[in-house]
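Architecture at a glance
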Amino acid sequence: MKTQLEQYTVAEVTKGFVYNELEGKGLFGLDGTLVIQPEFQRSYLYGDGTKDVAVIDSLLKGYPLGLIYFVDTGDPSGPHLEVLDGQQRITSVGRFVTGKFAIMRDGREQTFGSLPKEDQDRITEAKLLVYVCTGTEAEIKEWFQTINIVGIPLNAQELRNAIYSGPFVTAAKAEFSNSQNALQQKWSAYVKGDPKRQQVLEVALDWVASSKDQSIDGYMAAHRTDAGIGELKTYFTTVIDWVSGVFTAPPDAAMRGLDWGALYEEHKGTAYQPDRIDERLQDLLADPAVNDHKGIYPYLLGGEDDPRLLNVRLFDAPTKKAAYKRQTDKANAEGTSNCPLCAVGSNANKARIYKLKEMEADHVTAWSTGGDTSLDNCEMLCVTHNRSKGNR
């Protein structure tokens, strides 16, 4: 890949600047010859009232914004330059000079248009050092990953978007990475992540790829040139609708971030009674013995067969000591083992007195059948019997 160092003023780079408020991204600059956010770029993240303001403050103080990289695509039919690195900074400057946000200056809120002429000139005449790069697509994408110097490291999905850029990624980002999409509010009850950081898209891709025993990379590579995202969108919608159909109560925070795609594949053929599911859900959410609320959902979907998913509260040390003393005193008086199951057997341990560390606490009445985690429902068993016991 070849590079050539160029120098542009802010005025030149922001001439013809266009910002899409709906999608939250800068589109064009440099008098229509520069694509500010090409397909492989992440979304605009600096619009938080801190990072974007810091960019403008740097220009007003005469500080350099650091090296910026453009790619010259050689396209004779349209914009031939694309931002390789520096998109966040250029978009911040472009948004400010076009009046999209204000800064505090000498204790007062100021837009670009309200700044004194000398401050406006200090911004627009600031020099930007730009390396213009030419090379193959593979070289450009590799360099894009290498120079990741924007200050907010690219995450895995942002890198994938760069590697597999094309019509599929463009369409997928428009659906799943658009924070203005009205469906994001519904999705956020089940999917954890920032759409602008491509985390919702990553979940959608993971679900559909996993259903085909593929990796996200493999799925994106296979569909890179697809013009639409029908399969991806349909599968994601199907999973979300399935979850909301089984669990009809208002979503609990514990639902967010579960691997619903995997749960759908495992249980999609099972018929559920939503009213019964909701009743048990509320009981379990209110049960102080249940430590892992996220585990409630796979537990219910699995027919309540695996209480380990709930991380049920264990007996504390004082309770175990009290139960041990109670059983040991009784065993010594009767000349039997302090393990109730050893005591009723005909084995060599029938009269053995176990040490506390050789025993484990168990529910007399299993928690899953209504037994509580209290001293009255606690018995100490030898390790062998406790671990061979079934539903406890």
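Presented here is an overview of the structure given in this document. (Residues numbered from 1 in each chain as written. Predicted model: local features only at pLDDT ≥ 70, side-chain atom pairs only at ≥ 80, totals over all residues. Heavy atoms only, no water.)

With respect to the overall build of the chain
A count of helical and extended segments in the chain gives 17 helices and 11 strands. What you see for the chain is a C-alpha radius of gyration of 31 Å, clearly larger than the 21 Å of a compact globule of 392 residues, by over 25%. Overall, the chain is about 95 × 50 × 40 Å in size when its C-alpha atoms are taken along their principal axes. The 392 residues of the chain split such that 44% are buried. In the chain, once contacts between residues fewer than 6 apart in sequence are set aside, the share between residues at least 24 apart is 63%. A total of about 19500 Å² of accessible surface is found on the chain, and carbon and sulfur atoms cover 50% of it. Averaging the locations of the 43 positively and 54 negatively charged side chains of the chain gives two centres separated by 6 Å. (Helix = DSSP H or I, 4+ residues; strand = E, 2+ residues; numbered from the N terminus. Rg over C-alpha atoms; globule rule 2.2 N^0.38 Å. Buried < 20%, exposed > 50% of the residue type's maximum accessible area, 1.4 Å probe, protein only. Contact = heavy atoms within 4.5 Å. Areas by Shrake-Rupley, 256 points an atom, 1.4 Å probe, with all protein chains shown as cover. Lys, Arg positive; Asp, Glu negative; His and termini not counted. Charge placed at Lys NZ, Arg CZ, Asp CG, Glu CD.)

Thoughts on the packing of helix H2 (residues 51-60) against helix H3 (residues 87-97)
Following both chains from N to C, one finds H2 and H3 inclined at 80°, their axes separated by 9 Å at the closest point. When the interaxial angle is binned, H2 and H3 end up roughly perpendicular. Facing H2, whose interface residues are Asp52, Val55, Ile56 and Leu59, H3 presents Arg89, Ser92, Val93, Arg95 and Phe96. For the contact of H2 with H3, the class distribution of residues is 5 nonpolar, 1 polar and 3 charged. (Axes fitted to C-alpha atoms, helices over the stretch in contact; angles between N-to-C directions. Parallel < 35°, antiparallel > 145°, perpendicular 65-115°, else oblique. Nonpolar A, V, L, I, M, F, W, Y, C, P; charged D, E, K, R; others polar.)

Some details on a nonpolar patch on the surface
Taken together, the side chains of Leu5, Leu67 and Leu129 make up a nonpolar region of the molecular surface, amounting to roughly 240 Å² of accessible area. Within the secondary structure, Leu67 is located in the loop between H2 and strand S5 (68-72). (Patch = residues over 30% accessible without salt bridge, like charges linked within 9 Å, V, L, I, M, F, W, Y side chains within 5 Å. Salt bridge = Lys/Arg side-chain N within 4 Å of Asp/Glu carboxyl O.)

A word on the nonpolar core
Phe176, Leu232, Phe247, Trp260, Ile296 and Tyr297 are the most contacted members of the largest nonpolar core, which totals 50 residues. Going through the elements one at a time, helix H7 (167-176), helix H9 (199-211), helix H10 (216-223), helix H11 (230-246), helix H12 (260-267), helix H13 (274-286) and helix H14 (296-301) are the ones with two or more residues in this core. With sequence-adjacent residues up to four places away left out, Phe247 is seen in contact with Met255, Trp260, Ile277, Leu281, Tyr297, Leu300 and Leu301. By size, the runner-up hydrophobic cluster in this structure holds 33 residues, among which are Val55, Phe96, Ile103 and Leu128. (Core = buried A, V, L, I, M, F, W, Y, C linked by side-chain atoms within 4.5 Å.)

Brief notes about the side chain of Thr14
Secondary-structure assignment places Thr14 in the loop between helix H1 (10-13) and strand S2 (18-20). Look at Thr14 and you get buried, because its relative accessible area is 13%. At 2.7 Å, the side chain of Thr14 forms a polar contact with the backbone oxygen of Val10. Setting aside its immediate chain neighbours within four residues, Thr14 contacts Val93, Gly94 and Val97. (Polar contact = N/O pair within 3.5 Å; in protein donor to acceptor, adjacent residues only side chain to side chain.)

Concerning the packing of aromatic side chains
Evaluated as defined, the whole model comprises 15 aromatic pairs. For the pair Phe176 and Phe236, a centre-to-centre distance of 5.1 Å together with 80° between the ring planes defines the contact as edge-to-face. Remark: Phe236 occurs in helix H11 and Phe176 occurs in helix H7; sequence separation between them is 60 residues. Take Phe176: its relative accessible area is 1%, and that puts it in the buried class. Take Phe236: its relative accessible area is 0%, and that puts it in the buried class. Ring geometry for Trp207 versus Phe236: centroids 5.2 Å apart, planes at 20°, classification stacked. Note that Trp207 is positioned in helix H9 and Phe236 in helix H11, a separation of 29 residues in sequence. For the pair shown, Trp207 and Phe236 are each scored as buried. Put simply, the rings of Phe176, Trp187, Trp207 and Phe236 touch in pairs and so form one group of aromatic residues. (Phe/Tyr/Trp six-rings, centres within 6.5 Å; stacked < 30°, edge-to-face > 60°.)

Some thoughts on the pattern of salt bridges
Counting across every chain of the model gives 22 salt bridges. A salt bridge links Asp306 to Arg308; the shortest N-O distance between them is 2.9 Å. Assessed through its relative accessible area of 26%, Asp306 is described here as partly exposed. Where salt bridges share partners, they join Arg105, Asp119 and Arg122 into one cluster.

Side note on H10
Those residues of H10 that sit buried are Ile216, Tyr219, Met220 and His223. Along the axis of H10, the buried positions cluster into a sector of 95°, meaning they face one direction only. Lining the buried residues of H10 we find helix H6 (156-163), H7, H9 and H11. (Arc of directions from axis to C-beta.)

Some thoughts on unusual backbone geometry
For Leu30, which is not glycine, the phi dihedral falls at a positive 50°. Of note, Leu30 is situated in the loop between strand S3 (25-29) and strand S4 (34-35). You will see that Asp213, though not glycine, has its phi angle at about 55°, which is positive. We classify Asp213 as exposed; its relative accessible area is 76%.

A look at the packing of H7 against H9
Contact pair H7 / H9: the axes reach a minimum separation of 9 Å and the direction vectors enclose 115°. Taken as axis vectors, H7 and H9 run roughly perpendicular relative to one another. Viewed along their axes, H7 and H9 form a crossing whose handedness is right-handed. Residues Phe168, Ala172, Lys173 and Phe176 of H7 touch H9, and the partners they reach there are Val200, Leu201, Ala204 and Leu205. Residue composition of the contact of H7 with H9, by class: 7 nonpolar, no polar and 1 charged. (Left-handed = near helix turned anticlockwise from the far one by under 90°.)

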